[in-house]
Amino acid sequence: MAFNELKQKDILPLKTKLHKRNKGICPLLGIHVDINEMTLDHIHKLKSEDYAHNKGTIRNAIEFRANALEGKITNNWKRYYGADE
């Protein structure tokens, strides 16, 4: 399911499912994270990717600060080194 297709009421159940599947461990950090500190990580669409097949795809539930940092790294990588995927 794509992130942009989710309704607000569906976010917590999906986040809970992913949190349980990962046994409470953030797949990016490898540490235990409370569900209230997790967010749904999804693929964002860039201007050059208007027709990308995977835009909006939910990857996992990860710690919210790690998600923000991952976004900054990804955006800067694409800005300085190109949008190779």
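In the block above lies the structure referred to throughout.
This one's a predicted model, so the numbers in the text were calculated from it and none came from an experiment.

## Side note on helix H2 (residues 64–81)
Here H2 spans 25 Å end to end across 18 residues, near enough to the 26 Å set by a 1.5 Å rise per residue. Count one or two residues on from H2 and you reach Gly82, which has phi positive near 100°.

## With respect to helix H1 (residues 8–21)
Between the first and last C-alpha of H1 there are 21 Å, a value that for 14 residues agrees with the 20 Å anticipated at 1.5 Å per step. Turning to H1, its buried residues are Lys15, Leu18 and His19. Angular distribution of buried residues about the axis of H1 spans 100°; they occupy a single face of the element. Relative to its buried face, H1 has exposed residues pointing more than 90 degrees away, namely Lys9, Lys17, Lys20 and Arg21. Its buried side turned inward, H1 meets strand S1 (38–42) and strand S2 (58–63). Following H1 by one or two positions, Lys23 has its phi on the positive side, about 55°.

Rules used throughout
Residues numbered from 1 in each chain as written. Predicted model: local features only at pLDDT ≥ 70, side-chain atom pairs only at ≥ 80, totals over all residues. Heavy atoms only, no water. Helix = DSSP H or I, 4+ residues; strand = E, 2+ residues; numbered from the N terminus. Expected span 1.5 Å × (residues − 1). Buried < 20%, exposed > 50% of the residue type's maximum accessible area, 1.4 Å probe, protein only. Arc of directions from axis to C-beta. Contact = heavy atoms within 4.5 Å.

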